[in-house]
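Chain residues, written in single-letter form:
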Amino acid sequence: STVYTACNNAGVVMFSYLQMTDEALNYFIRAVGVNPVYPQANENIANCYDKLGKPEKAIKFYRIAISQDYMQRKSYVLLIKILMRQKRYKEVFNLMEITDKLFPNDYELTIQKGNYYFVNKQYELAAPKFEQAYASRGSKELAYSLFTTYSNLQDPERAAFFKKEFESFPH
């Protein structure tokens, strides 16, 4: 193992398993110090900043990771989530245009696209995205999203179906 991968791996253990975010961040920064073009370590730095409540720094490092490897799928997903929380919908839309081409039919990105349409009250566009994700991997959260989407669309039959689906999941 090289120095930079060892630092990154130590940071992953601290972040993911020991919940030691500040310490993990130091290891990820060390990894990038040794190898500046290390998209995974930059994504990990962004994860730490997001967890530490520093979204602007997280955004910066997700963008760095993507610029170093445009196929850094998870960086797109997490960047979109932060931008959605900040209601930066134009940026979200632009990223979704890119991810649609790079990762068509990706489960997490499909859900994020449904969320984007939902918060923008484009329920007729949100419904097929949530349905697509639900068909792939149903979940209680998606059933609820579909219930509320169809309720907003004033489709009582589909709303009732997904309400029943939602209620069928364990609490």
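What counts as what
- Each chain has its residues counted from 1, following the order in which its sequence is written.
- Local features in this predicted model are restricted to residues whose pLDDT is 70 or higher, and side-chain atom pairs enter the listing and the counts only when it is 80 or higher, whereas totals over whole chains, interfaces and linings include all residues.
- Each side-chain value is derived from all of the structure's non-hydrogen atoms; neither hydrogens nor water enter the calculation.
- Pairing of aromatic rings covers Phe, Tyr and Trp, the last through its six-membered ring, and needs centres within 6.5 Å; plane angles under 30 degrees mean stacked, over 60 mean edge-to-face, and all others mean tilted.
- Relative accessibility under 20% of the residue-type maximum defines a buried residue, over 50% an exposed one, and the middle range a partly exposed one, all with a 1.4 Å probe and only protein chains included.
- In this analysis the charged atom, NZ for Lys or CZ for Arg, is taken to sit over a ring once it is within 6 Å of the ring centre and within 35 degrees of the ring normal.
- When a carboxyl oxygen of Asp or Glu is within 4 Å of a side-chain nitrogen of Lys or Arg, the pair counts as a salt bridge.
- Only DSSP runs of H or I with at least four residues qualify as helices, and only runs of E with at least two residues qualify as strands; both kinds are numbered from the N terminus onward.

## Here we look at the packing of aromatic side chains
- Per the counting criterion, the structure on display carries 12 aromatic pairs.
- Taking 5.2 Å as the distance between ring centres and 65 degrees as the angle between the ring planes, the aromatic pair formed by F118 and Y123 counts as edge-to-face.
- Overall, F118 belongs to the partly exposed group, its relative accessible area being 24%.
- Through a chain of ring-to-ring contacts, three or more aromatic side chains come together here, namely Y89, F93, Y116 and Y117.
- Of note, R137 hangs over the ring of Y107, and the distance from its end group to the ring centre comes to 3.8 Å.
- Geometry around F166 places K140 over its ring, the cationic atom sitting 5.1 Å from the centre.

## Some points on the pattern of salt bridges
- Within this structure, the stated rule accounts for 8 salt bridges.
- Among the ionic pairs, R73 bridges to E108, the shortest N-O distance being 3.1 Å. With a gap of 35 residues between them, R73 in helix 5 (residues 73-85) and E108 in helix 7 (residues 107-119) connect regions that are remote in the sequence.
- The partly exposed category is assigned to R73, whose relative accessible area is 25%.
- Between R88 and E91 there is a salt bridge, with its nearest N and O atoms 2.7 Å apart.
- Owing to a relative accessible area of 24%, R88 belongs among the partly exposed residues under this scheme.
- Salt bridges sharing common partners tie together E56, R63, R88 and E91.

The values reported here are purely geometric and, on their own, carry no functional implication.
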